[in-house]
Amino acid sequence: MNWRGSTDWQQRILSVLPYILPLIQVRGFGSFLFQRFSFLRYLYIPLKPFISLLNELDRAIPFIGFTFILFLALYLGVVRNEKLAHFLRFHTMQALLLSIFTFLCLYVFQLVNIPVSAVSVTPDLFLFGVLFSLLFIVVTGACLFSMVQAARGLYAEYPFISEAAYAQTR
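Conventions and cut-offs
Residues numbered from 1 in each chain as written. Predicted model: local features only at pLDDT ≥ 70, side-chain atom pairs only at ≥ 80, totals over all residues. Heavy atoms only, no water. 1 Å grid on protein atoms, 1.4 Å probe; cavity = no way out; pocket = protein on both sides within 12 Å on 5 of 7 lines; lining within 4 Å. Points joined across faces, edges and corners; volume = space filled by probe spheres on them. Helix = DSSP H or I, 4+ residues; strand = E, 2+ residues; numbered from the N terminus. Nonpolar A, V, L, I, M, F, W, Y, C, P; charged D, E, K, R; others polar. Salt bridge = Lys/Arg side-chain N within 4 Å of Asp/Glu carboxyl O. Buried < 20%, exposed > 50% of the residue type's maximum accessible area, 1.4 Å probe, protein only. Phe/Tyr/Trp six-rings, centres within 6.5 Å; stacked < 30°, edge-to-face > 60°. Lys NZ or Arg CZ within 6 Å of the ring centre and 35° of its normal. Core = buried A, V, L, I, M, F, W, Y, C linked by side-chain atoms within 4.5 Å. Contact = heavy atoms within 4.5 Å.

K.L.:
Tell me about the layout of surface pockets, and name the residues and values.
P.N.:
Computed from the structure, the largest pocket encloses a volume of approximately 320 Å³. In this structure, the largest pocket is lined by 14 residues; those nearest its centre are Ile24, Gln25, Arg27, Phe103 and Leu106. Listed by contribution, the elements that provide at least two residues to the lining of the largest pocket are α2 (20–25), α4 (48–60) and α6 (86–111). Looking at which element gives the most residues to the lining of the largest pocket, the answer is α6, with four residues. Looking at the lining of the largest pocket residue by residue, the classes come out as seven nonpolar, five polar and two charged. Put simply, the second largest pocket is a space of about 270 Å³. Lining the second largest pocket we find Leu17, Pro18, Ile20, Leu21, Ile24, Phe50, Leu53, Leu54, Leu57, Phe66, Leu70 and Leu74. When contributions to the lining of the second largest pocket are tallied by element, the ones reaching two or more residues are α2, α4 and α5 (66–79). Here the element with the most residues in the lining of the second largest pocket is α4; it accounts for four residues. Each residue belonging to the lining of the second largest pocket can be placed in one class, and the counts come to 12 nonpolar, no polar and no charged.

K.L.:
With reference to specific residues and values, describe the pattern of salt bridges.
P.N.:
In total, this model carries one salt bridge according to the counting rule given. In this structure, the salt-bridge partner of Arg59 is Glu56, at a minimum N-O distance of 2.8 Å. Taken together, the residues span about one helical turn, with Arg59 and Glu56 both in helix α4 at a distance of three residues. With relative accessibility at 60%, the residue Arg59 sits in the exposed group.

K.L.:
Break down the packing of aromatic side chains for me, citing the residues and quoting the values.
P.N.:
Taken as a whole and assessed by the stated rule, the structure comprises 12 aromatic pairs. Ring geometry for Tyr44 versus Phe136: centroids 6.4 Å apart, planes at 35°, classification tilted. Residue Tyr44 is located in the loop between α3 (31–36) and α4, and its partner Phe136 is located in helix α8 (residues 126–152); the two are separated by 92 residues in the primary sequence. Both residues of the pair, Tyr44 and Phe136, belong to the buried class. Ring plane angle 85° and centroid distance 4.5 Å describe the contact between Phe109 and Phe132, whose orientation is recorded as edge-to-face. Of this pair, Phe109 sits in helix α6 while Phe132 sits in helix α8, placing them 23 residues apart in sequence. Clustering of aromatic rings is evident, with ring pairs tying together Phe29, Phe109, Phe128 and Phe132. A cation sits over an aromatic face here: Arg36 above Phe32, 3.8 Å from the ring centre.

K.L.:
Go over the nonpolar core with me, naming the residues and quoting the values.
P.N.:
The biggest cluster of nonpolar side chains holds 44 residues, and the ones touching the most others in it are Phe29, Tyr44, Leu96 and Phe136. Contributing elements (two or more residues each) for this core: α2, α3, α4, α5, α6 and α8. Counting residues per element, this core draws most heavily on α6, at 10 residues. When sequence neighbours within four positions are dropped, the list of residues in contact with Phe136 reads Val26, Arg27, Phe29, Gly30, Leu33, Phe34 and Tyr44.

As structure tokens, this is what we get:
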């Protein structure tokens, strides 16, 4: 669906970039899959520079971390800026919602004392490995689909997420 007029190539490229954040964040949930299917690691080769930069900046900023600052900058600087195109603001908000979903899943597992890295070590947590793999596949698939749609100049539609993104970018 193309709601508010046409988009130029600059808006399309800028709309793809915010999806890198949830892709990097969901990477930890894929450790169970990466052990069994090592070829999946090649998906993250193009993101290596972003991952290295994000890790270095996270270490450089104690307590809050760069990821939180980046999240706030994207929300306040892009999503809330009505001077920018709706297409860019919508895709940025949708990427931030996928990022929030990833963080919430991570914190729920930490709350019940199941670290994401423990799944790869202990075989009695196989069920959690499957659940982590499902989360990884869902978020990665949603990000990749949204990136393709944004590059094509279209809105990626998901139940709940797109509605929430649209509500924030009216």
